[in-house]
There are 2 protein chains.
Amino acid sequence: MVNYPGGVALARRQTLKQTKTVTFGKRGMTFEAELNASNAYYLAQGLAVIHKKPTPVQIVKVDYPKRSRAKITEAYFRQASTTDYSGVYQGHYLDFEAKETRNKSSFPLKNFHDHQINHMANVLEQKGLAFVLLHFTVLARTFLLKASDLIPFYQQHEGQKSIPLAFIEKHGYELPTNQLPSMPYLDCVQQILGGESHFKAKTS
Amino acid sequence: MVNYPGGVALARRQTLKQTKTVTFGKRGMTFEAELNASNAYYLAQGLAVIHKKPTPVQIVKVDYPKRSRAKITEAYFRQASTTDYSGVYQGHYLDFEAKETRNKSSFPLKNFHDHQINHMANVLEQKGLAFVLLHFTVLARTFLLKASDLIPFYQQHEGQKSIPLAFIEKHGYELPTNQLPSMPYLDCVQQILGGESHFKAKTS
């Protein structure tokens, strides 16, 4: 086995698989639920600290009933100014957005907003690792695409409505199919950080 | 001037000070507002990408009126599972909680919850920089105290209700008084990362 930190993940996962007490990655879970479960797994195993940010809400009115907890009675959804997920992995800042589509041959660009693209560009400037996780529901395939590949595409194809799957296959990193965690994106992150390319070569 | 990235912050601040168009750090702003303005300054200057996380809210009921935006009509505050602030500075993951007190000689420990302490310990394990910003309102002094100093104190003094100012002065980093940004905590972060100690020696 190659001796890099991701190897720990692989080794621990192997061990856990053998116990056959699979609590994550159940069939039928939504992409977001699978991702949150994967983050919970990474946290519990001491492999990374990645959290989904709470939905930003503008609170207008709150009731404080006696002997009961505060109840928000009027609030509105606000647009997020950042991506949904961030955290730290082996000293590296990770920052990403996760989206899914039922399309089979391309990923709609409307899933990304200008402010998120700007945020990812800011993160890159600060030497953080920014990316998107693109989940093709029907194909049951998930890719990590670095912001450094997404942003130029986004800027150069303003008229275009989607990213072709071929572009994602060429520039992205496909997540291996896996049970625990079911969205093992750190394997791809480790390839990027370690400059590893064996997995990419294997799947392309 | 010492040639480290924080020097850029100092240099730019000097330049901006001379223009006398101070829009941040107004008198009378709350500590949180000053901190958010400082983060906005750091972001605008391309010095760091640090955001406050939204307040976590459990949404129970949402109305979708016709021709109007969705209105949340029942929701509750949830306890945060992480600290309030996180982001990236020159490739380094920063994660912190900011609290204030009107006390003059100590900082109440009840400001910190077990789950936040746990989160900071997890961040340290992933080689992130976790800390707290402690603001003494009456003294008008603010300190950065590393989680690696806070956590042992928290664990060893379970019976004790507060951290003495003397401990914070000894182990922490006092934020310089400043107009723009008014809470220049990155100066302290840079000292920690660069192992610089000249500022600490100057103020102790």
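Residues numbered from 1 in each chain as written. Chains lettered and ligands numbered in written order. Predicted model: local features only at pLDDT ≥ 70, side-chain atom pairs only at ≥ 80, totals over all residues. Heavy atoms only, no water.

Visitor: Help me understand the overall build of chain A, please; the structure alone is not making it clear to me.
Guide: Each helix and strand counted, chain A has 7 helices and 10 strands in total. A sequence separation of at least 24 residues applies to 63% of the contacts in chain A between residues at least 6 apart. Accessible surface, chain A: about 10,300 Å² in total, of which carbon and sulfur atoms supply 49%. (Helix = DSSP H or I, 4+ residues; strand = E, 2+ residues; numbered from the N terminus. Contact = heavy atoms within 4.5 Å. Areas by Shrake-Rupley, 256 points an atom, 1.4 Å probe, with all protein chains shown as cover.)

Visitor: Help me understand the interface of chain A and chain B, please; the structure alone is not making it clear to me.
Guide: You'll often see interface size given as the accessible area lost when the parts meet. On the side of chain B, 39 residues touch chain A, which itself brings 39 residues to the contact. By the criterion of area lost to chain B, the three top residues of chain A are Ile 72, Phe 77 and Gln 126 of chain A, representing 20% of everything that side buries. Our count for the contact surface shared by chain A and chain B stands at 0 salt bridges. For the pair chain A and chain B, the interface holds 12 residue pairs in polar contact (both at pLDDT 80 or more). The element contributing the most residues to the side of chain A that touches chain B is strand β3 (residues 71-77) of chain A, with 7 residues. Here the side of chain A that touches chain B is built from residues that sort into 18 nonpolar, 15 polar and 6 charged. Of the strand pairs in this sheet, β3 of chain A and strand β3 (residues 71-77) of chain B are connected by 2 bridges, and their pairing is antiparallel. (Buried area = accessible area lost by both parts, 1.4 Å probe. Salt bridge = Lys/Arg side-chain N within 4 Å of Asp/Glu carboxyl O. Polar contact = N/O pair within 3.5 Å; in protein donor to acceptor, adjacent residues only side chain to side chain. Nonpolar A, V, L, I, M, F, W, Y, C, P; charged D, E, K, R; others polar. Pairing = 2+ DSSP bridges.)

Visitor: Looking at this structure, I do not really get the sheet that holds strand β8 (residues 141-146) of chain A. What am I missing?
Guide: Backbone-to-backbone hydrogen bonds join strands into a sheet, with any given pair of strands oriented parallel or antiparallel. Residue and element names in this part refer to chain A. If you trace the 6 strands from one edge of the open sheet to the other, you get β1-β4-β5-β7-β8-β10, paired in mixed fashion. Both edges of this open sheet fall to β1 (49-52) and β10 (173-174), since each of them pairs with a single strand only. By the bridge criterion, 6 bridges tie strand β7 (residues 129-136) to β8 in an arrangement that is antiparallel. Its bridge partner being in β8, His 135 is matched across the sheet by Thr 142. In the packing of helix α4 (residues 147-156) onto the sheet, the strands contacted are β7 and β8, and the crossing angle to β8 comes to about 80 degrees. (Axes fitted to C-alpha atoms, helices over the stretch in contact; angles between N-to-C directions.)

Visitor: So what exactly am I meant to see when it comes to the relation of the copies chain A and chain B here?
Guide: What relates the pair of chain copies is a rotation about an axis plus a shift along that axis. Expressed as a screw operation, the relation of chain A to chain B combines 0.0 Å of axial shift with a rotation of 180 degrees, fitting to an RMSD of 0.0 Å. Overall, the copies show the geometry of a two-fold rotation axis. When the interface residues of chain A are mapped onto chain B, 100% of them again fall at the interface, so both copies present the same face. (Least-squares fit on C-alpha atoms with pLDDT ≥ 70 in both.)

Visitor: How do you make sense of the packing of helix α3 (residues 114-125) of chain B against helix α4 (residues 147-156) of chain B when you look at a structure like this?
Guide: A pair of packed helices can be characterised by two numbers: the angle between their axes and the separation between those axes. Residue and element names in this part refer to chain B. Viewed as axis vectors pointing N to C, α3 and α4 meet at an angle of 135 degrees, and their least axial separation amounts to 10 Å. The angle between the axes of α3 and α4 places the two elements in the oblique class. Here α3 and α4 pass one another in a crossing that is left-handed. Where α3 abuts α4, its residues Asp 114, Ile 117, Met 120, Ala 121 and Leu 124 lie against Ala 147, Ser 148, Leu 150, Ile 151 and Tyr 154. By residue class, the composition of the contact of α3 with α4 is 8 nonpolar, 1 polar and 1 charged. (Parallel < 35°, antiparallel > 145°, perpendicular 65-115°, else oblique. Left-handed = near helix turned anticlockwise from the far one by under 90°.)

Visitor: Would you mind showing me how to read unusual backbone geometry here?
Guide: Trans is the common state for peptide bonds, and a negative phi is the common state for residues other than glycine. Leu 180 of chain A connects to Pro 181 of chain A through a cis peptide bond whose omega is -5 degrees. Mapping Pro 181 of chain A onto the fold places it in the loop between β10 and α6 (185-194).

Visitor: Help me out: how do you make sense of the packing of aromatic side chains in this one?
Guide: Each aromatic ring pair is summarised here by two numbers: the centre-to-centre distance and the angle between the ring planes. Counted by the stated rule, this structure contains 21 aromatic pairs over all chains. Taking the centre distance of 6.3 Å and the plane angle of 45 degrees together, the rings of Phe 131 of chain A and Tyr 185 of chain A count as tilted. Residue Phe 131 of chain A is found in strand β7, and its partner Tyr 185 of chain A is found in helix α6; the two are separated by 54 residues along the sequence. For Phe 131 of chain A, a relative accessible area of 0% translates into the label buried. Looking at Tyr 185 of chain A, the relative accessible area reads 0%, which means it is buried. Ring geometry for Phe 153 of chain B versus Phe 167 of chain B: centroids 4.7 Å apart, planes at 50 degrees, classification tilted. With Phe 153 of chain B in helix α4 and Phe 167 of chain B in helix α5 (residues 165-171), this pair connects stretches of sequence that are 14 residues apart. Note on accessibility: Phe 153 of chain B and Phe 167 of chain B belong to one class, buried. (Phe/Tyr/Trp six-rings, centres within 6.5 Å; stacked < 30°, edge-to-face > 60°. Buried < 20%, exposed > 50% of the residue type's maximum accessible area, 1.4 Å probe, protein only.)

Visitor: Any chance you could explain the pairing of strand β5 (residues 92-101) of chain B here in plain terms?
Guide: As a general feature of sheets, a regular strand has side chains that alternate between the two faces. Residues and elements named next belong to chain B. Here β5 lies mainly inside the structure; 8 of its 10 residues are buried. In the sheet, strand β4 (residues 85-89) pairs with β5 via 5 bridges, with the strands oriented antiparallel. Among the inter-strand pairings, Tyr 85 is bridged to a residue of β5, identified as Phe 96. Where β5 lies against strand β7 (residues 129-136), 8 bridges are found, and the strand directions are parallel. Following the sheet pairing, Ala 98 is matched in β7 by Leu 133.

Visitor: What is the right way to read α3 of chain B from this model?
Guide: Within an α-helix, residues lying three or four positions from one another point in the same direction, as the helix has 3.6 residues per turn. Under the 1.5 Å per step criterion, the end-to-end length of α3 of chain B is 17 Å for 12 residues, consistent within 8% with the ideal 16 Å. All of the buried residues in α3 of chain B are Gln 116, Ile 117, His 119, Met 120 and Val 123 of chain B. Within α3 of chain B, the buried residues cover an arc of 160 degrees as seen down the axis, which keeps them to one side. More than 90 degrees from the buried face of α3 of chain B, the exposed residues found are Asp 114 and Glu 125 of chain B. Those residues of α3 of chain B that are buried lie in contact with β1 and β4 (85-89) of chain A together with β5, β7 and α4 of chain B. (Expected span 1.5 Å × (residues − 1). Arc of directions from axis to C-beta.)

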